[in-house]
Amino acid sequence: MSYQGHCNCETFSVNYFVNEDELTVNDPNATLKMYEDKKSLTSNIMERYFCSRYGSPVYTKTPKAPGKIFLKAVLFDTVSVPTTEVFINKQYQWVTIEQGEKQA
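Here the residue index of a chain counts from 1 through its sequence in written order. Selection of residues for local features in this predicted model requires a pLDDT of at least 70, selection of side-chain atom pairs for listing and counting requires 80 or more, and totals for whole chains, interfaces and linings are taken over all residues. Each side-chain value is derived from all of the structure's non-hydrogen atoms; neither hydrogens nor water enter the calculation.

## Here's the deal with the packing of aromatic side chains
No. 1: We call Phe, Tyr and Trp rings a pair once their centres come within 6.5 Å, taking the six-membered ring for Trp, and we label the pair stacked below 30 degrees between planes, edge-to-face above 60, and tilted otherwise. For the structure shown, the criterion picks out four aromatic pairs.
No. 2: On the basis of an interplanar angle of 70° and a centroid distance of 5.7 Å, the ring pair of Tyr16 and Phe76 is categorised as edge-to-face. Of this pair, Tyr16 sits in strand β2 (residues 12–19) while Phe76 sits in the loop between β6 (68–72) and β7 (84–86), and the two are 60 residues apart along the sequence.
No. 3: Think of it in three bands: residues with accessible area under 20% of the maximum for their type are buried, residues over 50% are exposed, and the middle band is partly exposed, with areas taken using a 1.4 Å probe on protein chains only. Overall, the relative accessible area of 13% leaves Tyr16 in the buried class.
No. 4: Criterion for a charge above a ring: Arg CZ or Lys NZ at most 6 Å from the ring centre, at most 35 degrees from the ring normal. It is Lys68 that lies over the ring of Phe17; its NZ or CZ is 5.4 Å from the centre. Secondary structure is summarised from DSSP: a helix means a run of H or I of at least four residues, a strand means a run of E of at least two, and numbering begins at the N terminus for each.

## Some points on the confidence of the model for the chain
No. 1: Confidence per residue, as judged by the predictor, is encoded in pLDDT with a range of 0 to 100. Put simply, the chain has an average pLDDT of 79, and 67% of its residues get 70 or more.
No. 2: When mean pLDDT is taken per element in the chain, strand β3 (residues 32–37) scores highest with 95 and strand β1 (residues 2–6) scores lowest with 43.
No. 3: Here, residues are in contact when the closest pair of their heavy atoms is within 4.5 Å. Here residues 1–10 is modelled with pLDDT under 50, and outside its nearest four sequence neighbours on either side it reaches 52 contacts, counting other chains as well.

Spelled out as structure tokens, the structure:
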């Protein structure tokens, strides 16, 4: 499932909600790092994985969705149209909602 989010960190991103066991990260230089985000809007401690060389986000894990990850769509050359939108109260005015897109 592809969704777009308006985050409490004032960013906008498109993510793929995928099964964790279906993801393999090849990291031969050990650049993938994780930090615990203790200031999430839901008060859950989020595990945010990122490239320590460039700072690019890779994926996020939350205790609200065990066994699932939010894989950053920006990692791919082609991004699917989002089907769900979250944190709409943080939505920028210039962001439009596609007809039929579910808001969570």
